[in-house]
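These are the residues of each chain, in order.
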Amino acid sequence: MKENKQRTEWIEESNYIVFFGGAGVSTESGIPDFRSVDGLYNQQYKYPPETMLSHSFFMREPEEFFRFYNNKVLAPDAEPNNAHKALASLEKKGKLKAVITQNIDGLHQKAGSEEVLELHGSVLRNYCMKCGRSYDLDEVMAKIEKDGVPYCDDCKGAMIKPDVVLYEEGLNQSILSRSVEHLSKADMLIIGGTSLVVYPAAGLIDYYHGNKLVLINRDATSRDSAANLVIHDSIGEVLEPYI
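Residues numbered from 1 in each chain as written. Predicted model: local features only at pLDDT ≥ 70, side-chain atom pairs only at ≥ 80, totals over all residues. Heavy atoms only, no water.

Asks: Let's hear about the overall build of the chain: which residues, and what values?
Replies: Within the chain one finds 10 helices and nine strands. Computed over the C-alpha atoms, the radius of gyration of the chain is 19 Å, within 12% of the 18 Å expected from 2.2 N^0.38 for a compact globule of 243 residues. Viewed in the frame of its principal axes, the chain has a C-alpha envelope of about 60 × 35 × 30 Å. Residue pairs at least 24 apart in sequence account for 63% of intrachain contacts in the chain once pairs closer than 6 positions are excluded. Counting only carbon and sulfur atoms, one obtains 48% of the accessible surface of the chain, whose full area is about 11800 Å². (Helix = DSSP H or I, 4+ residues; strand = E, 2+ residues; numbered from the N terminus. Rg over C-alpha atoms; globule rule 2.2 N^0.38 Å. Contact = heavy atoms within 4.5 Å. Areas by Shrake-Rupley, 256 points an atom, 1.4 Å probe, with all protein chains shown as cover.)

As structure tokens, this is what we get:
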């Protein structure tokens, strides 16, 4: 395919590639996204996901929050797919300098990527809201299973909060700054598996000023017209040759 040839040439001649990805990168690992036909937004719950994943709901109804979070957000058995593996491989070869992700599953690191900027945090990190003690995912899941809500062992009545950015919460400024720095230096930007509708994260790509913007997504996005190359296909299949 003409698109594959162009993409391959650009990757070969680029030395500062940045990847910006969303939920579609992890759907091939069995983690549902939020906006596809099978995504969380199209399933029926007592409250809409936007409400249940908000900071105010987390504080107001923690039992319902963690029931939804445990059942529908966490995927502890998920494994990296070809997209994750290919990006890790490109980083090891010195081509890829950073992965900027909206995902919270930790699969990029599990595949071997090192410079991963998690815009929305990670389910793998959790902390007591009072003393700051850290808890790993297994500990939190065990507490949810036992008590419904995970509480700190040291602080009576203090909840453990996942280190994820909920609705109504702001993004980490340090992560944002590092992302902007990478994007402004990039000689190639690959965007994959994102509908580019979640802001402020989606607005970050405007900091890329090069002419090798590749957009890989199964469905069309509002930014297709701004890309130098658009590929409507499985991101795992598109990136598989670089593993």
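Read on, since the account is not over.
Asks: Outline a nonpolar patch on the surface, listing residues and values.
Replies: Side chains of Met 59, Tyr 127 and Met 129 sit close together on the surface and give an oily, nonpolar patch of about 260 Å² of accessible area. For Tyr 127, the position within the fold is in strand S4 (residues 121-128). (Patch = residues over 30% accessible without salt bridge, like charges linked within 9 Å, V, L, I, M, F, W, Y side chains within 5 Å. Salt bridge = Lys/Arg side-chain N within 4 Å of Asp/Glu carboxyl O.)

Asks: Tell me about the sheet that holds strand S5 (residues 134-135), residues and numbers included.
Replies: With antiparallel pairing, three strands are arranged side by side in an open sheet as S5-S4-S6. Single-partner strands in this sheet number two, and they are S5 and strand S6 (160-164). Looking at chain direction, S4 and S6 are connected through five bridges and run antiparallel. Bridge pairing in S6 places Gly 121 opposite Val 164. (Pairing = 2+ DSSP bridges.)

Asks: An account of the nonpolar core is requested, with residue identities and associated values reported.
Replies: Among soluble globular proteins, nonpolar side chains are generally buried collectively. The biggest cluster of nonpolar side chains holds 24 residues, and the ones touching the most others in it are Phe 58, Phe 65, Phe 66, Tyr 69 and Val 123. Elements supplying a minimum of two residues to this core: helix H4 (55-60), helix H5 (62-73), S4, helix H8 (137-147) and S6. Of the residues forming this core, the biggest block, five residues, is contributed by H5. Each residue touching Val 123, except ones within four places of it in the same chain, is listed here: Tyr 69, Leu 74, Ile 104, Asp 105, Leu 137 and Val 164. (Core = buried A, V, L, I, M, F, W, Y, C linked by side-chain atoms within 4.5 Å. Buried < 20%, exposed > 50% of the residue type's maximum accessible area, 1.4 Å probe, protein only.)

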